[in-house]
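# Close look at the chain arrangement
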Amino acid sequence: MEVNNFNVANFMKNIKIAIIGLGYVGLPLAVEFGKKHEVVGFDINQARIDELKKGIDSTLETSLQELNDASRLSYTFDKNDIADCNIFIVTVPTPIDEFKRPDLIPLQKASETVGLFLKKDDIVIYESTVYPGATEEVCVPILEQYSGLKFNIDFYCGYSPERINPGDKEHRLPSIKKVTAGSTPEIADIVDSLYQEIIDAGTHKASSIKVAEAAKVIENTQRDVNIALINELALIFNKLDIDTESVLDAAASKWNFHPFRPGLVGGHCIGVDPYYLTHKAIEVGYNPEIILAGRRINDQMGSYVANQVSKLMMKELIQVADANVLIMGLTFKENCPDIRNTRVVDLVNALNDFNCNVDVYDPWVDKDRSINECNIKPIDKPAKGNYDAIILTVAHDEFKALSEEKIRSYGKDRHVLYDIKYLLKANESDGRL
């Protein structure tokens, strides 16, 4: 098979892959490909490269043994080291800005870097989550500009959205089915074959890059809307003085009930991806009412919890202003160090608005990163008998192992205990979602 006069079989025998971005997505990908092909892992963060060269992964997504097994993988922060690669896989973040609009700057910068070294017949594959059309509308023109080459004549593109679940040791990259797509039918076959080499669960070849982009962005939008529904139900049930967990447990006795739980909805995907889809929808003249309504509900849950805790404190005649509050958990999910877009920040800010003295404790969090990214300095250990309110925000195993008595020992003789994550039984906390 040939594509515009280059031999596909020969191309597949002489693969050298550049992975652009070595975070939660890029590193596991580089490790798997590094077991089979020559791979250059590139990241602009020199500290990240230095730690990886020492066999250290601060994201905890890969082990030292896994890093060692990737015998053909090298690391660099010098972009010139990717010059002789012929497949470039971009795995940089796609966040939102302060106005909840897509921030494509990391993706654009990565495309500029790749464009500088793009050669005839090279393939650029994007894994970053974007709105439908972004690869061909935003990235391809940058690649053409910086390379001087023509899309689908001199170079080609693919898209294979990441499905990494940080902290999940059961669902790893090889065991999660991968969606693939290419800019031509022949390139789609090449991209699909490439991923089949490392994905045990198999692949799903989408009919176009836009379809693959859309499939990814709705995966987390669907979860976001479902969680928003449960959060709204929790608000209603709290007003009706009904325990939400008891309602959900009863409803879950039906085989087709979806077991979502209320809570703070953050992270690099669920709290971000819906805004990429709604941005594109509004751009083409459609107002996405359900998606945006779900986002509004989920975005206000931090303030809601702060208000609930303050009401409980007032009922106990505890002064809210100048109260000492302990928040247990900062990461966006349990048993991982990932603090990207954690909505615990909203809770901290809301309590600060009440003039509370807030301590955040999380044994999984890197303090320097927390200070730099969240402007929060976690404490080393909670002091016993020090707090007017204690809020359980993340279901780390370390917190699950604590008894009600142990957790309450951090509180003053008169305090309130609020449980967002149902770590305790209903009668063991003073309030919960």
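As shown above, the structure is provided for reference.
Residues numbered from 1 in each chain as written. Predicted model: local features only at pLDDT ≥ 70, side-chain atom pairs only at ≥ 80, totals over all residues. Heavy atoms only, no water.

A few words now on the sheet that holds strand β3 (residues 16–20). Hydrogen bonds along the backbone pair up the strands of a sheet, which may run parallel or antiparallel. Spatial ordering of the open sheet is given by β5-β4-β3-β6-β7-β8-β9-β10, a layout of eight strands whose pairing is mixed. Looking at the sheet topology across the chains shown, the edges are occupied by β5 (73–76) and β10 (203–205). Strand-to-strand twist across the sheet, computed as the mean angle between neighbouring axes with direction ignored, equals 20°. Along the sheet, helix α6 (residues 134–147) contacts β7 (123–126) and β8 (156–159); its crossing angle with β7, the most-contacted strand, is approximately 140°. Along the sheet face, helix α8 (residues 209–239) touches β8 and β9 (178–182) and points at about 25° away from the line of β8. (Pairing = 2+ DSSP bridges. Helix = DSSP H or I, 4+ residues; strand = E, 2+ residues; numbered from the N terminus. Axes fitted to C-alpha atoms, helices over the stretch in contact; angles between N-to-C directions. Contact = heavy atoms within 4.5 Å.)

Within β9, five of the five residues are buried, which leaves it mostly tucked inside the rest of the structure. Side chains of β9 alternate between two faces, with K178, T180 and G182 and V179 and A181 buried alike. As paired strands, β8 and β9 are joined by two bridges and run antiparallel to one another. Bridge assignment links G158 to a residue of β9, and that residue is G182. Note on the crossover from β9 through helix α7 (residues 185–196) to β10: the handedness is right-handed. (Buried < 20%, exposed > 50% of the residue type's maximum accessible area, 1.4 Å probe, protein only. Right-handed = clockwise from strand over helix to strand, strands pointing away.)

Where α8 contacts helix α10 (residues 273–283), the axes come no closer than 8 Å and their chain directions differ by 115°. If you check the angle between α8 and α10, you find them roughly perpendicular. Relative to α10, α8 is oriented so that their crossing is left-handed. Residue-level contacts link K216, V217, I218, N220, T221 and D224 of α8 to D273, P274, Y276 and L277 of α10. (Parallel < 35°, antiparallel > 145°, perpendicular 65-115°, else oblique. Left-handed = near helix turned anticlockwise from the far one by under 90°.)

With that settled, consider the nonpolar core. Counting residues in each nonpolar core, the largest one holds 42 residues, and the members touching the most others are I20, I82, V90, V124, Y126 and C157. At five residues, α6 tops the list of elements feeding residues into this core. Excluding residues within four positions of it along the chain, C157 makes contact with V124, Y126, V140, L143, F151, G182, S183, I187 and I209. In this structure, V305, L312, I318 and I327 belong to the second largest nonpolar core, which totals 34 residues. (Core = buried A, V, L, I, M, F, W, Y, C linked by side-chain atoms within 4.5 Å.)

Below, the discussion takes up the packing of aromatic side chains. Evaluated as defined, the whole model comprises three aromatic pairs. Seen in terms of ring centroids, F151 and F155 are 5.7 Å apart; in terms of plane orientation they differ by 45°. Their pairing is tilted. Accessibility assignment for this pair places F151 and F155 in one class, buried. Ring centres of Y361 and F399 lie 5.9 Å apart, and the angle between their planes is 45°; on these two criteria the pair is classed as tilted. Placement of the pair is Y361 in strand β12 (residues 357–361) and F399 in helix α15 (residues 397–400), with a sequence separation of 38 residues. Under the relative-accessibility criterion, F399 is labelled buried at 2%. The cationic tip of K254 hangs over the ring face of W255; the distance from NZ or CZ to the ring centre is 4.3 Å. (Phe/Tyr/Trp six-rings, centres within 6.5 Å; stacked < 30°, edge-to-face > 60°. Lys NZ or Arg CZ within 6 Å of the ring centre and 35° of its normal.)

Between the first and last C-alpha of α8 there are 46 Å, a value that for 31 residues agrees with the 45 Å anticipated at 1.5 Å per step. Phi turns positive, to about 60°, at D241, one or two residues after α8. (Expected span 1.5 Å × (residues − 1).)

Helix-helix packing is described using two parameters, namely the angle between the two axes and the distance between the axes. Running from N to C, α6 and α8 point in directions that differ by 110°, and their axes come no closer than 9 Å. Compared by their axis directions, α6 and α8 come out roughly perpendicular. Of the residues in α8, those touching α6 at A134, T135, E136 and E137 are I209, K210 and E213.

Moving on, we get to the environment of R408. Mapping R408 onto the fold places it in helix α16 (residues 404–408). Separated by 353 residues in sequence, R408 and G55 have C-alpha atoms that sit 40 Å apart.

The next thing to look at is the pattern of salt bridges. Applying the stated rule across the entire model yields 28 salt bridges. As a salt-bridge pair, D224 and R295 come within 2.7 Å of each other at their nearest N and O atoms. One end of the pair, D224, is in helix α8; the other, R295, is in helix α11 (residues 289–299), and 71 residues separate them in sequence. Assessed through its relative accessible area of 0%, D224 is described here as buried. Look at R295 and you get buried, because its relative accessible area is 1%. The partner of D388 in a salt bridge is K412, and the shortest N-O contact between them spans 3.2 Å. Taken together, the positions of D388 in strand β13 (residues 387–392) and K412 in strand β14 (residues 411–419) put the pair 24 residues apart, joining distant regions of the chain. Look at K412 and you get partly exposed, because its relative accessible area is 32%. Bridged by salt links that share partners, the residues K100, D224, R295 and D299 form one connected network. (Salt bridge = Lys/Arg side-chain N within 4 Å of Asp/Glu carboxyl O.)

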